[in-house]
Amino acid sequence: MRLHIGASRLHRWLALVIGVQLLLWFSSGLVMSLLPIDRVRGEHLVDREAAAALPASARYVSPQAIIAASDGPVRALRHRMLLGRPVVETETGSGALQLYDGATGVRLPPIDARQAEAIALGAYRGTPAPDAAVERVTAVSTEYKGRVPAWRVALADADSTRIYVTDTGTIAAVRTGTWRLYDFFWGLHIMDWSEHENFNTPWLKAFAFGGLALAIAGTILLYLRWPRRKRRRAEG
């Protein structure tokens, strides 16, 4: 009897305290599972992995020349095309990225707003290309946590697409209305309502423990309240 009363009280109070969050967990998980991940990432609108082939006939400066011109030890060196010209991107030991002309080895300045817009519209899959507004981003936010400073190219399309372009001309992130919906429910799911990235918050741990206790108390009540006749017949 004591076990029955204790389990009943625990189950009742836990249900009152964490019932709303349980509903949010189930509903947010359902919404996120229904949203196709390629649409969340904006892959149907922006081909950020598209890369033009390097011309076989072009001459490139030697890697040694690029390394010598770098500000520090080079950890990685990548050849690619940028707006129709071959470039070399280096990554120093500190993680800084630098851009060089692939033919001359001359260090290039960070891309400007016009170039960022051209890169974003060149990767956009929709037709016709929408109007764009370019804005400088100097701090990370809930929507973008990549390298800063960067350029945000906001497109006037149906999905309110925003393309983030780094200073070396790579597309770092694509944000759409679908992504924002997914991110909202993700924040509710992990109980990080401000940054939407920490799934080890004290709130999440506490409510997860409470949910486990609720399930255990419910199981005990189910056993104690099972009809006696059915149990006896089963034993017989």
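First, a word on what this report is: a plain description of the structure on this page. It should be emphasised that the depicted structure is a prediction, and the values quoted were computed from it without experimental measurement.

Notes on the sheet that holds strand E3 (residues 97-101)
The strand order across the open sheet built from three strands is E1-E2-E3, with neighbouring strands paired in antiparallel fashion. Pairing within the sheet leaves two strands with one partner each, and these edge strands are strand E1 (74-82) and E3. The average angle at which neighbouring strand axes cross in this sheet is 25°, direction not considered. Strand direction decides the pairing type here: E1 and strand E2 (residues 85-92), joined by eight bridges, are antiparallel. Note on E2: the bridge partner recorded for Met81 is Pro86.

Things to note about the pattern of salt bridges
When charged atoms on two side chains of opposite charge get close, those side chains can pair. Within the structure shown, the criterion is met by eleven salt bridges. Between Arg41 and Glu43 there is a salt bridge; the shortest N-O distance is 3.8 Å. Accessibility expressed as a relative area gives 36% for Glu43, which makes it partly exposed. Measuring nitrogen to oxygen at the nearest pair gives 2.6 Å for the salt bridge that ties Glu91 to Arg75. Placement of the pair is Glu91 in strand E2 and Arg75 in strand E1, with a sequence separation of 16 residues. Bridged by salt links that share partners, the residues Arg75, Arg78, Arg80, Glu89 and Glu91 form one connected network.

Regarding the environment of Val74
Looking at the element boundaries, Val74 is found in strand E1. The spatial distance from the C-alpha of Val74 to the C-alpha of Gly95 is 9.2 Å, given a sequence separation of 21 residues. Excluding residues within four positions of it along the chain, Val74 makes contact with Ile67, Thr90, Glu91 and Thr92.

Thoughts on the environment of Leu35
Mapped onto the fold, Leu35 is located in the loop between helix H1 (2-34) and helix H2 (37-40). With a relative accessible area of 19%, Leu35 lands in the buried category. Spatially, the C-alpha atoms of Leu35 and Tyr182 are 7.5 Å apart, while their sequence positions differ by 147 residues. Excluding residues within four positions of it along the chain, Leu35 makes contact with Val40, Thr178, Leu181 and Tyr182.

What counts and how
Residues numbered from 1 in each chain as written. Predicted model: local features only at pLDDT ≥ 70, side-chain atom pairs only at ≥ 80, totals over all residues. Heavy atoms only, no water. Pairing = 2+ DSSP bridges. Helix = DSSP H or I, 4+ residues; strand = E, 2+ residues; numbered from the N terminus. Axes fitted to C-alpha atoms, helices over the stretch in contact; angles between N-to-C directions. Salt bridge = Lys/Arg side-chain N within 4 Å of Asp/Glu carboxyl O. Buried < 20%, exposed > 50% of the residue type's maximum accessible area, 1.4 Å probe, protein only. Contact = heavy atoms within 4.5 Å.

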